[in-house]
2 protein chains.
Amino acid sequence: MSKVISEKKLHDEGKVWVFNKDYIAEFVYGGIDGAITTFAVVAGAAGASADLTWVLIFGFANLIADGFSMSVGNFFSVKADRDNFEKHKAVEYWEVDNLREREVEEIREIYAAKGFEGELLEKVVEVITADKDIWVDTMMKEELEMTKDDKTPFKTAFATFASFSVIGIIPLLAYVFAALFDFATDNLFMMSSIATGIALMFVGYLKSIVTNTRWVKGVLETLLLGGLAAFLAYFVGEVLARYFLN
Amino acid sequence: MSKVISEKKLHDEGKVWVFNKDYIAEFVYGGIDGAITTFAVVAGAAGASADLTWVLIFGFANLIADGFSMSVGNFFSVKADRDNFEKHKAVEYWEVDNLREREVEEIREIYAAKGFEGELLEKVVEVITADKDIWVDTMMKEELEMTKDDKTPFKTAFATFASFSVIGIIPLLAYVFAALFDFATDNLFMMSSIATGIALMFVGYLKSIVTNTRWVKGVLETLLLGGLAAFLAYFVGEVLARYFLN
């Protein structure tokens, strides 16, 4: 855990810890999506009373394809956020060089709004605009309200992929074992549901850390989300199977 | 489009427009996930030469379950970010009341780092700490580097759900029509691939707006992502089908 504690500040007096939530957060949301995507296949199959073969084919097709696309998509979106920040920063530097007067006036307005006036305000503007980096930093935070996200796309994408695969394969495990050691049982769906439930509770617990909420809230929220999604999949599977297979 | 232009600022001189990316962004990422999830089922089925019935059963089971979980998950995570911001803000107010001296010193350090010194620095600290709201706002931006996100969870969740469903159903349409009007054709997968490709190109174009990049980049990136994911699903379907069905 220590690795994810933010350097910025520990709100210890306030009894709130600031985590660098980037990577646990990716793990949590990747894991939830992974488990729900494959469990949707399992539940849909159960609703349609489909053969174990189809659970494995569609389960793994979704696990691989969605895990891949989710993590690559995550890479692109995190990278895009960083690029967007840098792009606006570059624009601010451009403006400071080419529209100096207007940008000085903007700093004046920003600090007037903070309650500065008269000579003191002018002195403040002088100091801020004396250093181009501090000037631009002020514009980014006060005018655009943008702060740089220190997540790196590779790490967030990897965390997403790892959790999507590891958590996402859990709903399929009972079916994998049934196929490998071909033991026949009618309880595969039940086994899978229990395994998935435990996995979702674990991820829900991590989620409560990420979101600074009570663990009960995180666990129940996540369990309920997965349960409802599975119910929908089961229902769709059953209805469509009744329509097509009879 | 005008609705999504940020109130904060148009970087027009810099030839960069700042969009309020919240809702297009959700639409883009929801749409990509929707199309890829259902197209993974279609491609996996094609690889396994599975019957149209299974495409519809597992396609819709995933469309409904993932669309539901993704949008509800989005709701929780956006809400969590807002709550987290408010929680830290409350902590800062608590610290300003209960650890006044230390918080005054922190403001002094923040402005010393900006190049203020001596009497001017003291005057600045005085003005900032004279107004509790400005004081806390400064701590949030400068110390915690947190700015408030003006996204509302309901809107982001709805945008996610809408795009996930609307874009996500596209890969299934050819199979739906084939089932409804039962026309027999071997080209369903090809039709679905073309429809999905067009959908991904459209979403990729929107993505380039969200991420402020050239439209060619957004379109090709998204198309390639979907294509590779589908290839993986097809491959998995084919291998598992060969293993189980022969």
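Conventions adopted
Residues numbered from 1 in each chain as written. Chains lettered and ligands numbered in written order. Predicted model: local features only at pLDDT ≥ 70, side-chain atom pairs only at ≥ 80, totals over all residues. Heavy atoms only, no water. UniProt positions renumbered as here; feature names shortened; annotations may be inferred. Helix = DSSP H or I, 4+ residues; strand = E, 2+ residues; numbered from the N terminus. Buried < 20%, exposed > 50% of the residue type's maximum accessible area, 1.4 Å probe, protein only. Contact = heavy atoms within 4.5 Å. Areas by Shrake-Rupley, 256 points an atom, 1.4 Å probe, with all protein chains shown as cover. Lys, Arg positive; Asp, Glu negative; His and termini not counted. Charge placed at Lys NZ, Arg CZ, Asp CG, Glu CD. Least-squares fit on C-alpha atoms with pLDDT ≥ 70 in both. Expected span 1.5 Å × (residues − 1). Buried area = accessible area lost by both parts, 1.4 Å probe. Salt bridge = Lys/Arg side-chain N within 4 Å of Asp/Glu carboxyl O. Polar contact = N/O pair within 3.5 Å; in protein donor to acceptor, adjacent residues only side chain to side chain. Core = buried A, V, L, I, M, F, W, Y, C linked by side-chain atoms within 4.5 Å.

Chain A goes by GMP synthase in an unreviewed UniProt entry, where it is assigned to Fulvivirga kasyanovii. What the UniProt record of chain A gives under Subcellular location (unreviewed entry) is the line "Endomembrane system".

So, on to the overall build of chain A. In terms of regular secondary structure, chain A is built from nine helices and zero strands. Along the first, second and third principal axes, the C-alpha set of chain A runs to 85 × 40 × 30 Å. Split into buried and exposed, the 246 residues of chain A put 55% on the buried side. When contacts within chain A are restricted to residue pairs at least 6 apart in sequence, those whose partners lie at least 24 apart make up 73%. Working note: accessible area of chain A is about 11,100 Å², and carbon and sulfur atoms make up 64% of it. One way to put it: in chain A the 23 positive side-chain charges average out to a point 3 Å from where the 35 negative ones average out.

Turning to the relation of the copies chain B and chain A, a few remarks are in order. Relating the two copies of this chain is a rotation about some axis coupled with a shift parallel to it. In the superposition of chain B on chain A (RMSD 0.0 Å, axial shift 0.0 Å), the rotation amounts to 180 degrees. Seen this way, the second copy is the image of the first under a two-fold rotation axis.

On to helix H4 (residues 118–130) of chain B, then. For H4(B), built from 13 residues, the straight-helix expectation of 18 Å at 1.5 Å per residue is met to within 8% by its first-to-last C-alpha distance of 19 Å. Every buried residue of H4(B) is accounted for by B:Leu120, B:Leu121, B:Val124, B:Val125, B:Val127, B:Ile128 and B:Thr129. Where the residues of H4(B) are buried, they touch helix H4 (118–130) of chain A together with helix H3 (100–113) and helix H5 (132–143) of chain B.

Tallying the contact residues gives 83 residues for chain B and 83 residues for chain A. Together chain B and chain A conceal approximately 7,400 Å² of surface at their shared face, both sides included; 69% is due to carbon and sulfur atoms. Together, B:Trp54, B:Phe58 and B:Lys141 form the three largest contributors to the area buried by chain B at its contact with chain A, with a combined 8%. Where chain B touches chain A, the interface holds four salt bridges. At the junction of chain B and chain A, the tally comes to nine residue pairs in polar contact (both at pLDDT 80 or more).

Moving on to the nonpolar core. In terms of nonpolar packing, the biggest core is built from 94 residues, with A:Phe58, A:Phe60, B:Phe58 and B:Phe60 touching the most fellow members. Judged by nonpolar contacts, the second largest core, of 40 residues, contains A:Leu121, A:Ile134, B:Leu120 and B:Leu121.

Next up on the list: the UniProt feature "transmembrane region" (unreviewed entry) in chain A. Residues and elements named next belong to chain A. UniProt's feature table lists "transmembrane region" (unreviewed entry) at residues 27–48, 54–78, 156–181, 187–206 and 218–237, given in the numbering used throughout. Counting secondary structure, residues 156–181 comes out at 92% helix and 0% strand; the distance between its end C-alpha atoms is 36 Å. Annotated as residues 187–206, this span is 95% helix and 0% strand, and its ends, taken at the C-alpha atoms, are 29 Å apart.

Our focus in this paragraph is the pattern of salt bridges. Scanning the model with the defined rule gives 34 salt bridges over all chains in all. As a salt-bridge pair, A:Glu122 and A:Arg108 come within 3.0 Å of each other at their nearest N and O atoms. One end of the pair, A:Glu122, is in helix H4; the other, A:Arg108, is in helix H3 (residues 100–113), and 14 residues separate them in sequence. Residue A:Glu122 is classed as partly exposed on the basis of its relative accessible area, which comes to 33%. Between A:Glu221 and A:Lys217 there is a salt bridge, with its nearest N and O atoms 3.0 Å apart. Taken as a pair, A:Glu221 and A:Lys217 lie in helix H9 (residues 215–245) at a separation of four residues, close to a single helical turn. We classify A:Glu221 as buried; its relative accessible area is 17%. A residue is classified by how much of its surface remains accessible, and A:Lys217, at 34% relative accessible area, is partly exposed. The structure contains a network of salt bridges with shared partners spanning A:Lys114, A:Glu142, A:Glu145, B:Asp137 and B:Lys141.

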